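Topology and contacts: notes
Residues per chain, in single letters:
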Amino acid sequence: MFVRLSLCATLLTTVAAVASAAQIQGILIDQMCSSKAEVHIVAGPRLEGGMIVAEAHTRQCALMPECQKSGYGIFTYDNKYLKFDDAGSRKALAALRASKKEDDLKVEVTGEIQGDTIKVASLKLVE
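We now turn to the structure provided with this report. (Residues numbered from 1 in each chain as written. Predicted model: local features only at pLDDT ≥ 70, side-chain atom pairs only at ≥ 80, totals over all residues. Heavy atoms only, no water.)

Let us now look at the side chain of Asp30. Examined against the element boundaries, Asp30 turns out to sit in strand E1 (residues 21-30). Although Asp30 lies buried, it forms no salt bridge, and the closest oppositely charged side chain, Lys36, sits 7.1 Å away as judged by the N-O distance. One polar contact links the side chain of Asp30 to the main-chain amide nitrogen of Cys33, over a distance of 2.8 Å. Residues contacting Asp30, with those up to four places away along its chain left out, are His57, Cys61, Ala62, Cys67, Ser70, Gly71, Tyr72 and Tyr81. (Helix = DSSP H or I, 4+ residues; strand = E, 2+ residues; numbered from the N terminus. Buried < 20%, exposed > 50% of the residue type's maximum accessible area, 1.4 Å probe, protein only. Lys, Arg positive; Asp, Glu negative; His and termini not counted. Salt bridge = Lys/Arg side-chain N within 4 Å of Asp/Glu carboxyl O. Polar contact = N/O pair within 3.5 Å; in protein donor to acceptor, adjacent residues only side chain to side chain. Contact = heavy atoms within 4.5 Å.)

A word on the environment of Lys124. Among the secondary structure elements, Lys124 is positioned in strand E7 (residues 117-125). Note on Lys124: relative accessible area 49%, which makes it partly exposed. Among all residues touching Lys124, those that are not within four sequence positions of it are Lys106, Val107 and Glu108.

Turning our eyes to something else, we now look at the sheet that holds E7. Pairing within the closed barrel is mixed, and its 5 strands lie in the order E1-E4-E5-E7-E6. Between one strand axis and the next, the sheet turns by 55° as a mean value, whatever way the strands run. Sheet analysis places strand E6 (residues 106-114) next to E7, joined by 8 bridges and oriented antiparallel. Each bridged residue has a counterpart across the sheet, and for Ile113 the counterpart in E7 is Ile118. Each of E1, strand E4 (72-76), strand E5 (81-84) and E7 touches helix H6 (residues 86-98); the most contacted strand, E7, lies at about 20° to it. (Pairing = 2+ DSSP bridges. Axes fitted to C-alpha atoms, helices over the stretch in contact; angles between N-to-C directions.)

A few words on H6. Between the first and last C-alpha of H6 there are 19 Å, a value that for 13 residues agrees with the 18 Å anticipated at 1.5 Å per step. Turning to H6, its buried residues are Gly88, Ser89, Ala92, Leu93, Ala95 and Leu96. The arc enclosing the buried residues of H6, seen along the axis, measures out at 165°, which places them on a common side. Across H6 from its buried face, at more than 90 degrees, point the exposed residues Asp86, Arg90, Arg97 and Ala98. Contact partners of the buried residues in H6: E1, helix H4 (59-62), helix H5 (65-70), E4, E5 and E7. (Expected span 1.5 Å × (residues − 1). Arc of directions from axis to C-beta.)

Note that all results are geometric; they support no functional claim without further evidence.
If you want it as structure tokens, here you go:
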């Protein structure tokens, strides 16, 4: 009986891990500047932020020391921001340093989503 329960628990854990693995496309942006891309209502009333702001974010800004220190993440096409884990931020920094692209930093990320963070398995800037 114990072996059967243990096997079921292992299978459920494996299924949950597979179910949370994802491939996400969006814009690479540092955490410090990510709040500028959040969609919000301002006087008028009108909306500000969103994908237009994320796409305009520059590589030069993302490479500034304080932006590097804050870490990186992905702003998705459904206007959500997912932070990268430490390893993902290191991968993002290496990709930014290797790229010549100045803005519209489209990225494809594969990893495991855990709340508002993604544990990055792979990251590729789309040129």
